[in-house]
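So the chains spell out like this:
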Amino acid sequence: MGSQAELSSAQEIAAPPDGTVIRTENLWKTYDMGAIAVHALCGVSFEIHRGEYVAIMGPSGSGKSTLMNLIGCLDTPTKGRYWLNGRLVSELSDDELAYIRNKEIGFVFQTFNLLARATALHNVELPLIYNGTPAKERIEKAQEALRKVDLADRMMHKPSELSGGQRQRVAIARALVNNPSIILADEPTGNLDSATGEEIMNLFERLYQSGNTIVLVTHEHDIAAHAHRIIHVRDGKIERDESVS
Amino acid sequence: MAHWLPSLVRRRSGGGWCRSQRRKDASIGPLSGRGNKDSVATISQAQTIVRRRTARERVVASSLWVTAREAFWIALEALNTHKLRSFLTLLGVVIATTTLIVVMSIINGMNLYIADHIANLGANTFVLHQWKWAQGYEAWLKARRRNKPIRMEDFEFLKDNLKGYKNIGAEAMVWRSDNQVRYKGRTVYEVRVSGDTPNMIDIGQAKVEAGRYFTETDYRHEAMVCFVGRDIIDEFFPSVDPLGKEIQVNGIPFTIVGIAERIGKTFGESEDNFVQIPLSTYGKLFMARPQLAVSVQAWNTQQMLILEDEVRALMRGRHHLPYKEDDDFGINASETLMDAWNKLMGGIFAVTIGIVAVFMVVGGIVIMNIMLASVTERTHEIGIRKSLGARRRDILMQFIIESAVMACTGGGAGVILAVLISKIVDIFFTASVPLNAVLVGLFLSTAVGLFFGIYPASKAAKLDPIEALRTEA
């Protein structure tokens, strides 16, 4: 139980501080399908600095989802190393990964992934529950997050009572509530019409302006163009890494 | 604190942690480690680790508590959402709890009843008789053959040789089904006719409502007087003062000198259908050498136990019983009867436990099944929670608590149902809900929920978040 604490605190001392939020070194992810080994990622290395707005773009099957899972600490690589905020997270146990996800990653999913039977407020305070924040503090932080995404007046609504755009904004508030190192968005506008999609992308821009680090994963060029840097992925490798102004 | 600091020394080797062995004689000062340059070099760095570690451990501990409360509300909400399903799920547990509590209530009621009516020989009193009561039919037959009845000589012997008693009295009664009492053409049948010493009114259950009991004078003169129970009075003298009137007991006239207070019914049989006459008169008229039940009353409970032993010793001596042989008489105290009763109740209770256990296990398996289905249904939700930072133990606890809350609710419903049923039973028979039955019922059902929830909860906890998120909601 204390090992995750010991681990991260020791590695804070051990790893050299270098200002990167994400640093990957030769990431491989291999799935063993009996006789055949499928390489979803083949040696991916890159860095993302604090405050950057990056899009990871590639067609389906390119390995971008696998890369996203690794970045989001939902999975660990078969080979290679990954430092998140100076911590080596690529060899952590399940429980330690959960802790990192809670503290450092703010997920935004294509299908919103809200709890259907809970209010918006409860959805947003969920990450705070899992790190033991007491109730009063939780409510305050959740309300603050909902205010940031302009949904303060819809706090007690259930997802079924919200439009698609509003649901995504609840998800974004949830992603923000723990002050994560990165906001990791997987096709955030995939289930929204183009107008609402634009609203959401504007929101991301606002979040970028206030200093958040944003990693966007998408296959659409229009969406990726909102970011300020695009990492193109194909066949498990980085094809191109370009800055977009 | 210094002596365990060395255990925090870290070696950098491929990202793993390993603790160095404790050094018993470590002193405060820069730790040289074991010649390893990467070791934590100063106390202050190590202290920082310790501070952070305890802070994080506090967070982890409090987060379990927070998760537990969240799980509790989720459980109640889940119960509420699927009312019919919850009801069907909990049926086994409800039935088990209800059965357990109702049976315990009936037994409790009967125990109270027995203690009140049958085991109530009088305060601090025990009865010496030919045999031990309530020992079973075969034991009784054996005792009848082997044991000698207690006679007046024994009574006189004990009166003289037993020391320190508050009272010692005797009653002679042969249960005959043809005892009749008549008055002015009306007859009461199956009357319990007994001969008593005058102090039996102080020792026994009966109390004087009007008139008086026998006096020593009555006893010495073998007077033809009687002390009558309420049933006789109700039958013969509904509106007239019975004192001084003459009734015929088995054809012999007796004058009523006293009336007893109503006692009531025991197992449907009336305790008030009796006539008591002086023992001396009884000996003269009905039975030359009466067979007695000698009642000894002590001043307090401790003395009663001492007196029991003394009577036993005196009687054994009087009968010249060798050391190894059992008593050839019976010393009956409230405990004797309660013991026999408790054995009977124990048997009934054991059967009940068996039935309840079966229902609980069945109920538990049903809960486990439903929880498994629930876990499958909510795989996507579990994936969401894990992605937000729920660890295995958080998910485990959530589902175990859900299972326990469900089962406890079933237990609670069982308690309420049992209380209602017991109240109804009490109208016709006797039942009184003991508090420990309620607690046992609730505890047992919660435990069943906890136990049978472990397997589904651990399945939920082990789900891979990526797979779970891919599952459709």
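None of the values given here were measured: they were computed from a predicted structure.

Okay, the pairing of strand β3 (residues 53-57) of chain A next. Strand residues, when the strand is regular, have side chains that alternate between the two faces of the sheet. Residues and elements named next belong to chain A. Taken across its five residues, β3 has five buried, putting it largely inside the fold. Here β3 shows two buried faces, one formed by Tyr53, Ala55 and Met57 and the other by Val54 and Ile56. For β3 and strand β9 (residues 229-234), the ladder comprises four bridges, and the chain directions are parallel. By the bridge assignment for β9, Ala55 is matched with Ile230.

A few words on the sheet that holds strand β5 (residues 87-88) of chain A. As summarised here, the arrangement of the four strands in space is β2-β1-β4-β5 (chain A), forming an open sheet in which the pairing is antiparallel. Edge positions in the open sheet fall to β2 (36-49) and β5 of chain A, since each of these has one partner strand only.

Let us look at the packing of helix α10 (residues 334-377) of chain B against helix α12 (residues 392-428) of chain B. Residues and elements named next belong to chain B. Contact geometry for α10 and α12: axes closest at 11 Å, N-to-C directions at 140°. With respect to α12, the axis of α10 lies oblique. Of the two elements, α10 crosses α12, and the hand of that crossing is right-handed. Residues Ile367, Met371 and Val375 of α10 form the contact with α12, whose own contacting residues are Phe399, Ser403, Met406 and Ala407. Looking at the contact of α10 with α12, its residues break down into six nonpolar, one polar and no charged.

What follows concerns unusual backbone geometry. Most peptide bonds are trans, and most residues other than glycine sit at a negative phi. For Phe112(A), which is not a glycine, the phi torsion comes out positive at approximately 65°. One non-glycine residue, Glu190(B), lies in positive phi territory at about 50°. Residue placement: Glu190(B) occurs in the loop between β4 (186-189) and β5 (192-196).

Let us now look at the pairing of strand β4 (residues 79-84) of chain A. All names here are of chain A. Inspection of the sheet shows strand β1 (residues 20-33) paired to β4 by five bridges, in the antiparallel sense. Bridged to Trp28 within β4 is Lys79. With two bridges connecting them, β4 and β5 associate as antiparallel partners. Paired with Leu84 across the strands is Arg87, a residue of β5. Hairpin connection between β4 and β5: a loop of two residues separates the two successive antiparallel strands, and Asn85 in this loop has a positive phi of roughly 60°.

Once that is clear, we can look at the confidence of the model for chain B. Residues and elements named next belong to chain B. For chain B, per-residue confidence averages 82 on the pLDDT scale, and residues scoring 70 or more make up 85% of the total. Within chain B, helix α1 (residues 43-81) has the poorest average pLDDT of any element, 72, and helix α11 (residues 379-387) the best, 94. Long-range and interchain partners of residues 1-40, a stretch whose pLDDT sits below 50, account for 47 contacts in this model, where long-range means more than four residues apart. Quick note on the complex model: pTM equals 0.69, ipTM equals 0.90.

All names here are of chain A. In spatial order, the strands read β6-β7-β8-β3-β9-β10; together these six strands make up an open sheet with mixed pairing. Looking at the sheet topology across the chains shown, the edges are occupied by β6 (105-108) and β10 (237-243). Between one strand axis and the next, the sheet turns by 20° as a mean value, whatever way the strands run. Note that β3 and strand β8 (residues 213-218) share five bridges and pair parallel. Looking across to β8, one finds that Val54 is bridged to Val215. Contacts between helix α6 (residues 164-176) and the sheet are confined to β6 and β7 (182-186), with β6 contributing the most and set at about 170° to the helix.

Attention now goes to the environment of Val311(B). Residue and element names in this part refer to chain B. For Val311, the position within the fold is in helix α9 (residues 301-318). In this structure Val311 comes out as buried when scored by C-beta crowding, with 21 C-beta atoms within 10 Å. As a C-alpha pair, Val311 and Ile331 span 20 residues in sequence and 8.5 Å in three-dimensional space. Beyond its immediate stretch of four places on either side in the chain, Val311 contacts Leu128, Leu158, Leu162, Val296 and Ile331.

Reading the values: the criteria
- Residues numbered from 1 in each chain as written.
- Chains lettered and ligands numbered in written order.
- Predicted model: local features only at pLDDT ≥ 70, side-chain atom pairs only at ≥ 80, totals over all residues.
- Buried ≥ 20, exposed ≤ 12 C-beta atoms within 10 Å, placed from the backbone.
- Helix = DSSP H or I, 4+ residues; strand = E, 2+ residues; numbered from the N terminus.
- Pairing = 2+ DSSP bridges.
- Axes fitted to C-alpha atoms, helices over the stretch in contact; angles between N-to-C directions.
- Parallel < 35°, antiparallel > 145°, perpendicular 65-115°, else oblique.
- Left-handed = near helix turned anticlockwise from the far one by under 90°.
- Contact = placed C-beta atoms within 7 Å.
- Nonpolar A, V, L, I, M, F, W, Y, C, P; charged D, E, K, R; others polar.
- pLDDT = per-residue confidence, 0-100.

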